[in-house]
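Listed below are the residues making up each chain.
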There are 2 protein chains.
Amino acid sequence: MARSWATLGVDLHLEPAASGGLRRGLTDALRDAVRTGRLAPGTRLPSSRSLAADLGIARNTVAEAYADLVAEGWLTARQGSGTRVAERAVSQPSGRGTAPRHREPARPAHSLVPGAPDLAAFPRTEWLRAARRALTTAPYDALGYGDPRGRPELRTALAGYLARARGVRTDPDTIVITAGFTHGLRVLGTVLRARGVGTVAVESYGLDVYWELLQQAGLATPALPYDELGTDTREFGGAGAVLLTPAHQFPMGTALHPDRRAAVVDWARRTGGLVLEDDYDGEFRYDRQPVGALQGLDPDRVIYLGTASKSLAPGLRLGWMVLPPELAREAASAKGRSDTVGVLEQLTLAEFLTSGAYDRHVRSCRLRYRRRRDALAAAVADRAPEVRVTGIAAGLHAVLRLPPGTEQSVIQAAAWQGLALHGLSFHRHPQAVTAPLDALVVGYGTPPDSAWSGALEALCRVLP
Amino acid sequence: MARSWATLGVDLHLEPAASGGLRRGLTDALRDAVRTGRLAPGTRLPSSRSLAADLGIARNTVAEAYADLVAEGWLTARQGSGTRVAERAVSQPSGRGTAPRHREPARPAHSLVPGAPDLAAFPRTEWLRAARRALTTAPYDALGYGDPRGRPELRTALAGYLARARGVRTDPDTIVITAGFTHGLRVLGTVLRARGVGTVAVESYGLDVYWELLQQAGLATPALPYDELGTDTREFGGAGAVLLTPAHQFPMGTALHPDRRAAVVDWARRTGGLVLEDDYDGEFRYDRQPVGALQGLDPDRVIYLGTASKSLAPGLRLGWMVLPPELAREAASAKGRSDTVGVLEQLTLAEFLTSGAYDRHVRSCRLRYRRRRDALAAAVADRAPEVRVTGIAAGLHAVLRLPPGTEQSVIQAAAWQGLALHGLSFHRHPQAVTAPLDALVVGYGTPPDSAWSGALEALCRVLP
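Residues numbered from 1 in each chain as written. Chains lettered and ligands numbered in written order. Predicted model: local features only at pLDDT ≥ 70, side-chain atom pairs only at ≥ 80, totals over all residues. Heavy atoms only, no water.

**Overview of the overall build of chain A**
Of the regular secondary structure elements, chain A holds 13 helices and 18 strands. By the burial criterion, 60% of the 464 residues in chain A qualify as buried. In chain A, the proportion of contacts linking residues at least 24 apart, taken out of those at least 6 apart, comes to 72%. Only carbon and sulfur atoms are counted for the fraction: they give 52% of the accessible area of chain A, which is about 18,000 Å². (Helix = DSSP H or I, 4+ residues; strand = E, 2+ residues; numbered from the N terminus. Buried < 20%, exposed > 50% of the residue type's maximum accessible area, 1.4 Å probe, protein only. Contact = heavy atoms within 4.5 Å. Areas by Shrake-Rupley, 256 points an atom, 1.4 Å probe, with all protein chains shown as cover.)

**Overview of helix H6 (residues 181-194) of chain B**
Residues and elements named next belong to chain B. In a regular helix each residue adds 1.5 Å, so 14 residues correspond to 20 Å; H6 covers 20 Å between its end C-alpha atoms and thus fits that length. Judged by how many residues are buried, H6 sits mostly within the fold: 10 of 14 residues are covered. Buried residues of H6: Phe181, Thr182, His183, Gly184, Leu185, Val187, Leu188, Gly189, Val191 and Leu192, and no others. Gly196, located one to two residues past H6, shows a positive phi value of around 90 degrees. (Expected span 1.5 Å × (residues − 1).)

**Description of the packing of aromatic side chains**
What the rule picks out here adds up to 16 aromatic pairs over all chains. The interplanar angle of 55 degrees and the centroid separation of 5.7 Å between the aromatic rings of B:Phe122 and B:Trp127 together place this pair among those described as tilted. These aromatic residues form a ring-pair network of at least three members: A:Phe122, A:Trp127 and A:Phe352. (Phe/Tyr/Trp six-rings, centres within 6.5 Å; stacked < 30°, edge-to-face > 60°.)

**Re the sheet that holds strand E17 (residues 422-423) of chain A**
Residue and element names in this part refer to chain A. Pairing within the open sheet is antiparallel, and its four strands lie in the order E14-E15-E18-E17. The sheet is open, and its two edges are formed by strand E14 (388-390) and E17, each paired on a single side. Pairing geometry for E17 and strand E18 (residues 439-443), over two bridges, is antiparallel. Bridge assignment links Gly423 to a residue of E18, and that residue is Leu440. Where helix H11 (residues 357-383) meets the sheet, its contacts fall on E14, strand E15 (397-401) and E18, and the angle it forms with E15 comes to roughly 15 degrees. (Pairing = 2+ DSSP bridges. Axes fitted to C-alpha atoms, helices over the stretch in contact; angles between N-to-C directions.)

**Remarks on the sheet that holds strand E19 (residues 439-443) of chain B**
Residues and elements named next belong to chain B. Taken in spatial order, the four strands of this open sheet run E15-E16-E19-E18, and their pairing is antiparallel. What marks the edges here is a single partner per strand, and that holds for strand E15 (388-390) and strand E18 (422-423). Strand direction decides the pairing type here: strand E16 (residues 397-401) and E19, joined by five bridges, are antiparallel. Bridge assignment links Arg401 to a residue of E19, and that residue is Ala439. Of the strands in this sheet, E15, E16 and E19 are in contact with helix H11 (residues 357-383), which crosses E16 at around 15 degrees.

**Topic: the confidence of the model for chain A**
When pLDDT is averaged along chain A, the result is 88, and 89% of the positions lie at 70 or above. Overall fold confidence (pTM) sits at 0.81, and the ipTM for the predicted complex is 0.80. (pLDDT = per-residue confidence, 0-100.)

**Digging into the side chain of B:Asp171**
Residues and elements named next belong to chain B. Of note, Asp171 is situated in the loop between helix H5 (152-166) and strand E6 (175-178). Residue Asp171 is classed as buried on the basis of its relative accessible area, which comes to 2%. At 2.7 Å, the side chain of Asp171 forms a polar contact with the backbone nitrogen of Asp173. (Polar contact = N/O pair within 3.5 Å; in protein donor to acceptor, adjacent residues only side chain to side chain.)

**Details of the nonpolar core**
The biggest cluster of nonpolar side chains holds 68 residues, and the ones touching the most others in it are B:Trp320, B:Leu349, B:Leu376, B:Leu400, B:Leu440 and B:Leu459. Top contributing element to this core by residue count: H11(B), with eight residues. If we skip the residues at most four places from it in the chain, B:Leu349 touches B:Trp127, B:Leu154, B:Leu312, B:Leu318, B:Trp320 and B:Tyr358. A:Trp127, A:Leu316, A:Val380 and A:Leu421 belong to the second largest nonpolar core, which has 67 residues in total. (Core = buried A, V, L, I, M, F, W, Y, C linked by side-chain atoms within 4.5 Å.)

**Focus: the pairing of strand E11 (residues 274-278) of chain A**
Residue and element names in this part refer to chain A. Taken across its five residues, E11 has five buried, putting it largely inside the fold. Side chains of E11 alternate between two faces, with Leu274, Leu276 and Asp278 and Val275 and Glu277 buried alike. The sheet contact formed by strand E10 (residues 241-244) and E11 spans four bridges and is parallel. Residue pairing across strands places Leu244 opposite Glu277, the latter belonging to E11. Following the chain from E10 across helix H8 (residues 258-271) to the adjacent parallel E11, one finds a crossover that is right-handed. Judged from the four bridges that link them, E11 and strand E12 (residues 302-307) form a sheet pairing that is parallel. In the sheet register, Leu276 faces E12, and the bridge partner there is Ile303. (Right-handed = clockwise from strand over helix to strand, strands pointing away.)

**Quick look at the pairing of strand E7 (residues 200-203) of chain B**
Residue and element names in this part refer to chain B. The pairing of E7 with strand E11 (residues 241-244) spans two bridges and is parallel. Bridge pairing in E11 places Val200 opposite Ala241. Here two bridges tie E7 to strand E8 (residues 223-224), and the two strands are oriented parallel to one another. Within E8, the residue paired with Val202 across the bridge is Ala223.

**Let's talk about unusual backbone geometry**
Most peptide bonds take the trans configuration, and most residues that are not glycine carry a negative phi. All names here are of chain A. The step from Phe250 to Pro251 runs through a cis peptide bond, and the omega angle for that step is 5 degrees. Looking at the element boundaries, Pro251 is found in the loop between E10 and H8. Phi is positive for Arg317, close to 50 degrees, though the residue is something other than glycine. The exposure class assigned to Arg317 is buried, which follows from its relative accessible area of 4%.

**Some points on the packing of helix H10 (residues 343-354) of chain B against H11(B)**
Residues and elements named next belong to chain B. For the pair H10 and H11, the least separation of the axes is 4 Å and the interaxial angle reads 75 degrees. When the axis of H10 is compared with that of H11, the two are roughly perpendicular. Contact residues: H10 offers Leu349, Phe352 and Leu353, while H11 offers Ala357, Tyr358 and His361. Among the residues making up the contact of H10 with H11, the classes are represented as five nonpolar, one polar and no charged. (Parallel < 35°, antiparallel > 145°, perpendicular 65-115°, else oblique. Nonpolar A, V, L, I, M, F, W, Y, C, P; charged D, E, K, R; others polar.)

**Some details on the pattern of salt bridges**
Counted by the stated rule, this structure contains 42 salt bridges over all chains. A salt bridge links B:Asp147 to B:Arg155; the nearest nitrogen and oxygen atoms lie 3.6 Å apart. The residue B:Arg234 makes a salt bridge to B:Asp232 at a minimum N-O spacing of 2.7 Å. Among the charged side chains, a salt-bridge network with shared partners connects A:Asp118, A:Arg368, A:Arg372 and A:Asp449. (Salt bridge = Lys/Arg side-chain N within 4 Å of Asp/Glu carboxyl O.)

See below:
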């Protein structure tokens, strides 16, 4: 028979045995809860009076059960601190128990792996301020299941921001909020498949997790050639769509040549193809010639994908897609009613954008990353003159071209030094036809400020 | 040719035409940005000095371009408020523009649709307090991509809470955080399919979106019979798993009979089957006999699924699964590295649980909902004595049994009165063999306090 208590402090579910008397049943049930770890060491139990009231039994019965268990060592009773579960009372049969046992993977001393911003620079105070304003003013029904496209406040704020800062042509109705780029790509995989697309061409260099995600949706992902003008967009075989990083090729770091930009839009118009534009770090450009979104050239054929993972933090799990109206409807439908993104984060980001805090944060990060980029370029020129630093006009990473045949040994040496690094070969498509290059992809945005100079020093030590 | 500005206030991407002079090019580009809505009405432009510096052109050129556009009515210049985009300057060609146009669906005056808590009762102040504490103390690397199982802080807090309040046997390593129940079910669909499961038996009454989700994963979803002891768990055909709401059948509102609880665990042990326990509103019980989690009977065969959607708000998009260790690994792998849940919400919920705020909130809601339940039962007894109120020992909804043949006409009458209601037939499995019942599923948790008595009155008016 199940009973419970509901006191001021805690809820506890108990199932005293039906036979053997109330005191015995309660004692056994409590002992069992402590022994199996359901009641963690140190947990304060309700007073005998409130537990008795909750269970509808005499207070004395509870007091006696407590006394039994104190005598047995399962509980402790101290003046002023009430009755508590004894420390070390828990056995952990067959690997179960409530004790926290976080097995974090062992981490290297330094990481220059690309793909993350400086997480220590996350604007905590500003973010909390925006969260407070957003949650204080939100209508109560904003906390419901919501529109699969995302909150209108955020779509409106993004429409303004993306038009202004990235040259994207959009309105709030053509934006779909996602839990980051990967989530958007998964949704698009489903949409493209449903439209009869069988092949999405990708770049010779990129992220294997994206290729795999498209493959899981049943799509083939052949690689386009890459040359000094960037990805070759003159010929797509029979592909129905293409995934590109036009503003800042990942990881090569170059901007797609204007001829190639025109060519991919021509192809899309001619064939009805779709371009998936991954604008992962469009905010971070350090020179006079920013590259606007390809989407601005043809909003009916280009799907723009952006993310807060580089500008703020991946942990927010916030991204966005700008789609042609029909595709926006299909994407919302593929996401489904419950596959939405946390509303409070959405409202907070909307407030963060509208108040100007986003612009301020991006600007301050841009300064920090530019300084690091300059320090990296100077240090490499000084300490490893044979290594050429490329792809640094924008973004949070650089490509360090190494003497032929040295990439693997440098990565190996870095690992020995406790420095995590990616070689360019890590990002090379298995079917890429371009000749392999020896290079490192150095994520100079990754370390916190306090670790940056140490990481740079460790890098310089392993360069040939 | 692309240029941009980067001033203290805003970023703007511009592409002045290469020919026709700088002033002309800048004027045209700005006009175009305003006309197409890329610059929203009211947007403040950078000062002519800072824009000139950003673009590397003479300040006078910018000042003249601004003056031209003020003269044309695209911009306004006022002492002390700088140069801004004029209000009403935007035309919206072909349905694109940045003006907010939220098309919310028309809503009925009252809603007693089940499935949502009172969103107006969301503990905003307490939640923000927890968010502040959580974000202030979080290590910076908590903001990265993270563990697909979820943050260890939240898994630890949940392990303690679920053991204490729901009788779940778990430790942090066997918990996987999800973006709500639906997300968890989608992940489990993939995992079950990969294990070779072809059929998941479901209940005769439930939510069609769940059945569809399993079907999308390639699983058949036959219905188990339902009788006065609840769902019949004595025979599962060849099913490899079963989806149940043991503590509080949705929507019938009954607890699964102890014999049936034992039977389903027996079946799972005998056949290697798995039980998916949907404990959607286990916290809300109003009587002396709470029903503990089925998972406590056999943590190796029962997967427990819980959610913050009923206890806090669906908009948080937070849920959790407790799985046998091997399945926890498979679920984490099926979620994938980037399919994680917003970290800040996770850390906030962990703090909310640990500080006791969650218990306090649930307790206060329990009181509010019990009062509403009692008011509903009293009003129906008084105003519609032919209607029987059932399934009210727990939860946020009641089942109102109607005279045979009246369900559709009551729903119709409610719609005319502006009252949104679900009939029981809405929740009936298409292949259910149980004889159909005429009934309403009344979500008395849904309206805010201010609308509750009006909704109840509207309901009473349409009852036969």
